[in-house]
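# Examining the three-dimensional arrangement
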Amino acid sequence: MGEFEVHRVRFFGLVPAGVRCLACQPRGSRLALARTDGAVEVYNFAANYYQEKVIPGHDARAVESLCWAAGDRLFGAGLSGDITEYDLSRLSATRGADGGGGPIWSMAANSTGTQLAIGCEDGSVKIFQVVPGGIQFERNLDRRKGRVLCLSWHPSDTHIAAGSIDVFRIIDITSGQTVQRIMVNYHVEKVKRECVVWAIALLSRGTVVTADSFGRVQFWDWQQGTLAESHTVSTSAVLSLAVAEKEDSIVVGTSTGATYQLQLLPVKLGGSEKRWVRTKPFQHHSHDVRAVAHSPTALISGGLDAQLVIRPLMEKVQKKGYDAVLRKFTFPHRRLVSCARKARLLLFQFSQHLELWRLGSTRETGKDGEVLPLCRMPEHLVQLKSKGPEHIYCSCVSPCGTWLGYCTASRFHLYRVRCDGVSLRKV
């Protein structure tokens, strides 16, 4: 084997964007993920969770909620107040519609994927029809005071559960009126601070599951308006919640970075009576777990530490293999570093700017594994900022180091670089 030098690069200050929301494709094999910089990624379960698509971020398109509708159509909504459909073949945001209620905090699709419900800043819940080529506004449901932070459809598509501050309500789709309104903090003694319902799920048997800022996961009988069970899983807020397709398992994420699983288990062995039991805690994140998802064989969580964690449920995995392995996606799967070997240059890609560096050099020689002193330190030559709200999708520097190019979703930019006098000219 020939001799070679290894440069340890310590000056690429990349800070990956955190995970904001997740959406599993119903009866499908794909997972959609939105980050805090507006970027959207699609992972394929059938191909060992391969990251098959990335839609670059946008300054004016912060995504608060994602959902799949009409099979393989992906929609996103955020605080800009717009509902956006993503073109997964062209990797861009194509069609959009104004929600009409200010910033959108939550969005959910019905079981057939033909309707979208959005929860808005002004307290309204709006229904949109998914049609070929886009979406159409259908109707307004009962509007109440307080922003709608979370939504959930009943599997029969007859009711919607909407969570807000200190309260959640059940809305009848046919009449559009609120049929039940339940306070979630009425039994908390000596507590004057507000209770935020961060996540909600409406189960087929009439149970409403809520996750709130007091660290509780609660189960309600919405028809009677009574609390059936309450589990305090954390000393801080429970931020996210997801239910398995069979409604026998729930995963929740907290602001301490921990995730918990609750399972519906029989009270007595072989008995018919069942209760929810907290069974498994996991600590895979260092910051808020803002998004969770529940696939048939795994618990999926995403945090502000930018990690996507897929933990398999061993009782659901039939045989040993890739499905039985804990996966952590920490770094971007795209190439963010480009090398000009002849010119000894490195190009680093960030969301809205590029950095061009010259590697350091040494005149010394040494033994294997020995650290050699540098006669010339690494040099920061150029910082190139991208104009406009679109984020940089890909970039490259030529092997000779005289050409530099990058792309956004709509434009390609090419520059001529001179490193002797450090000049940059747009071509």
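Residues numbered from 1 in each chain as written. Predicted model: local features only at pLDDT ≥ 70, side-chain atom pairs only at ≥ 80, totals over all residues. Heavy atoms only, no water.

Labelled according to an unreviewed UniProt entry, the chain appears under the name UTP4 protein, originating from Tyrannus savana.

## Topic: the overall build of the chain
Along its length, the chain carries zero helices and 36 strands. In terms of principal-axis extent, the alpha carbons of the chain reach across some 80 × 50 × 45 Å. Taking all 427 residues of the chain together, the buried fraction comes to 52%. Long-range pairs, those at least 24 residues apart, make up 43% of the contacts in the chain with a sequence separation of at least 6. (Helix = DSSP H or I, 4+ residues; strand = E, 2+ residues; numbered from the N terminus. Buried < 20%, exposed > 50% of the residue type's maximum accessible area, 1.4 Å probe, protein only. Contact = heavy atoms within 4.5 Å.)

## Some remarks on the domain arrangement of the chain
Taken as a whole, the chain is organised into domain 1 (19–329) and domain 2 (337–426). Centre-to-centre separation of domain 1 and domain 2, based on C-alpha positions: 41 Å. Taken together, the contact pairs seven residues of domain 1 with six residues of domain 2. Roughly 630 Å² of surface becomes buried between domain 1 and domain 2 when both sides are summed, with 60% attributable to carbon and sulfur atoms. Contact with domain 2 buries area across many residues of domain 1, yet P56, H58 and D59 alone supply 62% of it, more than any other trio. Between domain 1 and domain 2 we count zero salt bridges in total. (Domains from an automatic or database assignment. Buried area = accessible area lost by both parts, 1.4 Å probe. Salt bridge = Lys/Arg side-chain N within 4 Å of Asp/Glu carboxyl O.)

## Quick look at the nonpolar core
A general tendency of soluble globular proteins is for nonpolar side chains to be buried together. In terms of nonpolar packing, the biggest core is built from 17 residues, with V209, V217, F219, L241, I250, V252 and W276 touching the most fellow members. Every element with two or more residues in this core is listed here: β17 (197–202), β18 (207–212), β19 (216–221), β21 (238–243), β22 (249–254) and β23 (258–266). Per-element accounting of this core gives the leading share, four residues, to β23. Excluding residues within four positions of it along the chain, L241 makes contact with A199, I200, A201, V209, T210, A211, I250, V251, V252 and V292. With 15 residues, the next largest nonpolar core counts L345, L356, Y406 and V417 among its residues. (Core = buried A, V, L, I, M, F, W, Y, C linked by side-chain atoms within 4.5 Å.)

## Overview of the layout of surface pockets
Of the volumes computed, that of the second largest pocket is approximately 980 Å³. If you go around the second largest pocket, you meet 26 residues; those closest to its centre are F4, E5, V6, E370 and L372. A breakdown of the residues in the lining of the second largest pocket according to their chemical character gives ten nonpolar, eight polar and eight charged. (1 Å grid on protein atoms, 1.4 Å probe; cavity = no way out; pocket = protein on both sides within 12 Å on 5 of 7 lines; lining within 4 Å. Points joined across faces, edges and corners; volume = space filled by probe spheres on them. Nonpolar A, V, L, I, M, F, W, Y, C, P; charged D, E, K, R; others polar.)

## Digging into unusual backbone geometry
Even without being glycine, R27 reaches a positive phi, approximately 55 degrees. Summarising the element assignment, R27 is placed in the loop between β1 (19–24) and β2 (30–35). Positive phi, close to 65 degrees, is recorded for D157, a residue that is not glycine. Checked against the element boundaries, D157 lands in the loop between β13 (150–153) and β14 (159–163). Accessibility expressed as a relative area gives 18% for D157, which makes it buried.

## Brief notes about the side chain of E85
Here E85 lies in strand β7 (residues 82–87). Of the polar contacts made by the side chain of E85, one reaches the side chain of R73; its length is 2.8 Å. Apart from residues lying up to four places away in sequence, E85 is in contact with R73, L74, F75, S92, A93, T94, R95 and G134. (Polar contact = N/O pair within 3.5 Å; in protein donor to acceptor, adjacent residues only side chain to side chain.)

## Some words on the pairing of strand β29 (residues 337–340)
Sheet faces and side chains relate simply in a regular strand, where the side chains alternate between the two faces. By the alternation rule, side chains of β29 split into S338 and A340, which are all buried, and V337 and C339, of which none is buried. Inspection of the sheet shows β29 paired to strand β30 (residues 345–349) by four bridges, in the antiparallel sense. Pairing of A340 across the sheet is with L345, part of β30. The hairpin formed by β29 and β30 contains four residues between the paired strands, and R344 there has a positive phi angle of roughly 55 degrees. (Pairing = 2+ DSSP bridges.)

## Side note on the sheet that holds β30
Read from one edge of the open sheet, four strands run β29-β30-β31-β32, paired in antiparallel fashion. Either end of the sheet is taken by a strand with one partner, and the two such strands are β29 and β32 (379–385). Across the sheet, the mean angle separating the axes of adjacent strands is 20 degrees when strand polarity is ignored. Pairing of β30 with strand β31 (residues 353–358), which is carried by five bridges, proceeds in the antiparallel orientation. Bridging across to β31, L346 finds its partner in W357. (Axes fitted to C-alpha atoms, helices over the stretch in contact; angles between N-to-C directions.)

## A closer look at the sheet that holds β19
Across a sheet, strands are paired by hydrogen bonds formed along the backbone, either parallel or antiparallel in direction. Read from one edge to the other, the open sheet built from four strands follows the order β17-β18-β19-β20, with strand pairing classed as antiparallel. The open sheet has two edge strands, β17 and β20 (226–232), and neither has a second partner. Neighbour to neighbour, the strand axes of the sheet diverge by 20 degrees on average, direction disregarded. Pairing of β17 with β18, which is carried by five bridges, proceeds in the antiparallel orientation. If you follow I200 over to β18, its bridge partner there is T210.

## A few points about empty space enclosed by the protein
Evaluated as defined, the whole model comprises two cavities of 30 Å³ or more. Within this model, the largest cavity holds a volume of roughly 50 Å³. Residue lining of the largest cavity: V251, T259, F282, H284, L299, I300, S301, V309 and R311, and that is the complete set. Elements that contribute at least two residues to the lining of the largest cavity include exactly β26 (298–302) and β27 (308–312). The element that contributes the greatest number of residues to the lining of the largest cavity is β26, accounting for three residues. Partitioned by chemical class, the residues of the lining of the largest cavity number five nonpolar, three polar and one charged.

## Considerations on the state of the cysteines
One pass over the structure, following the stated rule, counts zero disulfides. Note on C195: no disulfide assigned, nearest cysteine sulfur contributed by C150 at a separation of 11 Å. (Disulfide = S-S within 2.5 Å.)

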